[in-house]
Amino acid sequence: MSITVQIPTVLRRHTAGVGSIACAAANLRELLSFLDEKFPELKPHLHDEAGHVRRFLNIYVNEEDIRFLGGPEYIFSDGDEVLLVPSIAGGAS
């Protein structure tokens, strides 16, 4: 089984510019472990020390928010596309 993880531009400075990577993770926990191992600098931007996904990181599977698919319990299917989307705030007044 293979899934594709899309990494947005804002996080690519922690992945040496890699924007997409395939892996065989079965669930979110395995995916985070894979990304931790592959890109150690990305780790603090994805989850805290307890392994909980960062509050301002949204994860989509095939354009559906993973929270509505079962959250950490969701089991990936072959060919799933996972998109990591950090919330970004700011602007000028």
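Before reading on, note that the structure itself is shown above.
Residues numbered from 1 in each chain as written. Predicted model: local features only at pLDDT ≥ 70, side-chain atom pairs only at ≥ 80, totals over all residues. Heavy atoms only, no water.

Engineer: Mind laying out the nonpolar core, listing which residues take part and the relevant values?
Structural biologist: Grouped together as the largest cluster of nonpolar side chains are 22 residues, with contacts concentrated most on Ile3, Val5, Leu31, Leu35, Phe76, Val82 and Leu84. Among the elements of the structure, β1 (3–6), β2 (20–23), α1 (28–38), β3 (57–61) and β5 (81–86) are those that each provide at least two residues to this core. Element by element, the count of residues in this core is highest for α1, at four residues. With near-sequence residues (within four places) excluded, Val82 lies in contact with Ile3, Thr4, Val5, Gln6, Leu31, Ile59, Tyr60, Val61 and Phe76. (Core = buried A, V, L, I, M, F, W, Y, C linked by side-chain atoms within 4.5 Å. Buried < 20%, exposed > 50% of the residue type's maximum accessible area, 1.4 Å probe, protein only. Helix = DSSP H or I, 4+ residues; strand = E, 2+ residues; numbered from the N terminus. Contact = heavy atoms within 4.5 Å.)

Engineer: Which residues make up α1, and what are the values?
Structural biologist: Of the residues making up α1, those classed as buried are Leu28, Leu31, Leu32, Leu35 and Asp36. Along the long axis of α1, the arc covered by the buried residues comes to 135°, so they all point the same way. Residues of α1 that are exposed and point over 90 degrees away from its buried face: Arg29 and Glu37. Buried positions along α1 lie against β1, β2, α2 (43–46), β3 and β5. The backbone nitrogen of Arg29 has a side-chain oxygen 3.2 Å away, supplied by the residue at the start of α1, namely Asn27. (Arc of directions from axis to C-beta. Polar contact = N/O pair within 3.5 Å; in protein donor to acceptor, adjacent residues only side chain to side chain.)

Engineer: Tell me about the layout of surface pockets, and name the residues and values.
Structural biologist: Volume-wise, the largest pocket comes out at about 200 Å³. In this structure, the largest pocket is lined by Leu28, Arg29, Leu32, Ser33, Asp36, His47, Ala50, Gly51, His52, Val53 and Pro72. By residue class, the composition of the lining of the largest pocket is five nonpolar, four polar and two charged. (1 Å grid on protein atoms, 1.4 Å probe; cavity = no way out; pocket = protein on both sides within 12 Å on 5 of 7 lines; lining within 4 Å. Points joined across faces, edges and corners; volume = space filled by probe spheres on them. Nonpolar A, V, L, I, M, F, W, Y, C, P; charged D, E, K, R; others polar.)

Engineer: So what about the side chain of Asp36? Which residues, and what values?
Structural biologist: With respect to the element layout, Asp36 can be found in helix α1. Within the buried set, Asp36 has no salt-bridge partner at all; the shortest N-O distance to an opposite charge, 4.5 Å, is to Lys43. One polar contact links Asp36 to His47, side chain to side chain, over a distance of 2.8 Å. When near neighbours in sequence (up to four residues on either side) are disregarded, Asp36 contacts Lys43 and His47. (Lys, Arg positive; Asp, Glu negative; His and termini not counted. Salt bridge = Lys/Arg side-chain N within 4 Å of Asp/Glu carboxyl O.)

What is shown is where atoms sit, not what they do.
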